[in-house]
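So you can see what is in the structure, the chains are spelled out below.
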Amino acid sequence: MERRSFLECGAAYGLFSTASDLARASDAAGSAPSVSQTEEVLVIADPHAHPNNIHATRSRDSSMPTLETMKKAGMSLCSFSAVGDRSRYPGRVGTPYSDTQSQLINVKRLEDIGAIRMVLNAIDLRLSADFAGLMAIEGGDALEGQLKYLDAFHAYGVRLMTLMHDHDNEIGFNQRSSSDGPLTPFGVRVVERMNELGMVVDVAHAKASTMRHVAQICTRPIIDSHTSLLASGEDGPGLRRLRPWDEMEVIAKSGGVVCTWPFAYVGHRSQRTTLAHWAHEIVQMKARLGIEHCGIGTDGGGGLPRMVAGWDSIASLDNLIGAFKVAGLTEQDIGAVVGGNFMRVLRKCLV
Ligand SMILES: [Zn+2]
């Protein structure tokens, strides 16, 4: 049986019990598929991670994925996210633009040695034996308020930008800020230009008012690449990165995806400390938003202070998929959550 049919049948009939099974099945099926072999098969794609220490952090954490661990987990595509506001932390040198450039060079090097193939347009989303890299920036600080820098990053290969990171910037406000407001006039131009160029707009870290403004003007689906559900009535400094239902619904309404991450927290009334909690959250999101708007974003290498028990890194993906099954998600649901939905957004955003 040719690889495409093999994979299609496997996915359709639930032959793949885990991500590793899928990877093994892919290997067993032989040579690389043709260009026409695309979204019909199960694809594992991570919209937010910092693999291979491309952001050159000094505090390496064990969650950081490598090409080897991602391939072993059965992944096909991962974002390689540079940190756009890194130079705004104490002790860093360079400007946000130059510092971000220096990180993206590390992604280009991986392409140059043939370790990844870069996704630049919708055709590049075809399934291939080569691991696909999506060049990304977390923190529009890297633009330093200049639209020409957005064009320069796009020309270099960046296809996803998380508008905000840990600082308010020239675009808008971040979730941990004591300030609040919609997009700045520059932020409006950035979102419009990203739509024109064919880039994914990621509202992770964006304060609700900024995020709502993005959704209002964006002509393509938006994503929150790494967040979690803020239970009704919960609040607190440790929970500011989470989103309540009404914010998640704005993202879903754009046709986009809300991606949940491994972050562990304990609130006053709720807790999210196990893979079962993570899976239950997806089940709740399926009921409220629709499965087509649910995803995961690992933030691997992002230095999360606490992660749910059972998740150490992308190597734990099989455990998460197991928890999804126990929670009652179907094979089709799981395929949508672990990559299918994000691939749909990529197809709608990239030109
Ligand atoms: Zn982040």
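Along each chain, the written sequence defines residue order, and numbers are assigned to residues from 1. Note on the predicted model: pLDDT of at least 70 is required for a residue's local features to be given, and 80 or more for side-chain atom pairs to be given and counted; whole-chain, interface and lining totals, by contrast, use all residues. To obtain the side-chain values, all non-hydrogen atoms of the structure were used and water was disregarded.

Draft legend 1. Examining the packing of aromatic side chains more closely. Any pair of Phe, Tyr and Trp rings, taking the six-membered ring for Trp, is counted once the centres come within 6.5 Å. Such a pair is stacked with planes under 30 degrees apart, edge-to-face with planes over 60 apart, and tilted for the rest. For the structure shown, the criterion picks out five aromatic pairs. Taken together, a centroid distance of 3.7 Å and an interplanar angle of 10° make the contact between Tyr97 and Tyr149 stacked. Highlighted residues: Tyr97 in helix 4 (residues 96-112) and Tyr149 in helix 5 (residues 147-156), separated in sequence by 52 residues. In terms of burial, Tyr97 and Tyr149 fall into one category: buried. Joined through ring pairs, the aromatic side chains of Tyr97, Tyr149 and Phe153 make up one cluster. The aromatic ring of Tyr156 is capped on one face by Lys108, whose charged end is 4.7 Å from the ring centroid. In this description a helix means any DSSP run of H or I spanning at least four residues, a strand means any run of E spanning at least two, and both kinds are numbered starting from the N terminus. Three labels apply to residues, based on accessible area from a 1.4 Å probe with only protein chains included: buried if under 20% of the type maximum, exposed if over 50%, partly exposed otherwise in between. Criterion for a charge above a ring: Arg CZ or Lys NZ at most 6 Å from the ring centre, at most 35 degrees from the ring normal.

Draft legend 2. Broad picture of unusual backbone geometry. Positive phi, normally seen in glycine, also occurs at Asn52, with a value near 50°. Here Asn52 lies in the loop between strand 1 (45-46) and helix 3 (67-72). A relative accessible area of 29% means that Asn52 is categorised as partly exposed. Positive phi is not limited to glycine here, since Asn53 has a value of about 50°. Structurally, Asn53 is set in the loop between strand 1 and helix 3. Look at Asn53 and you get buried, because its relative accessible area is 12%.

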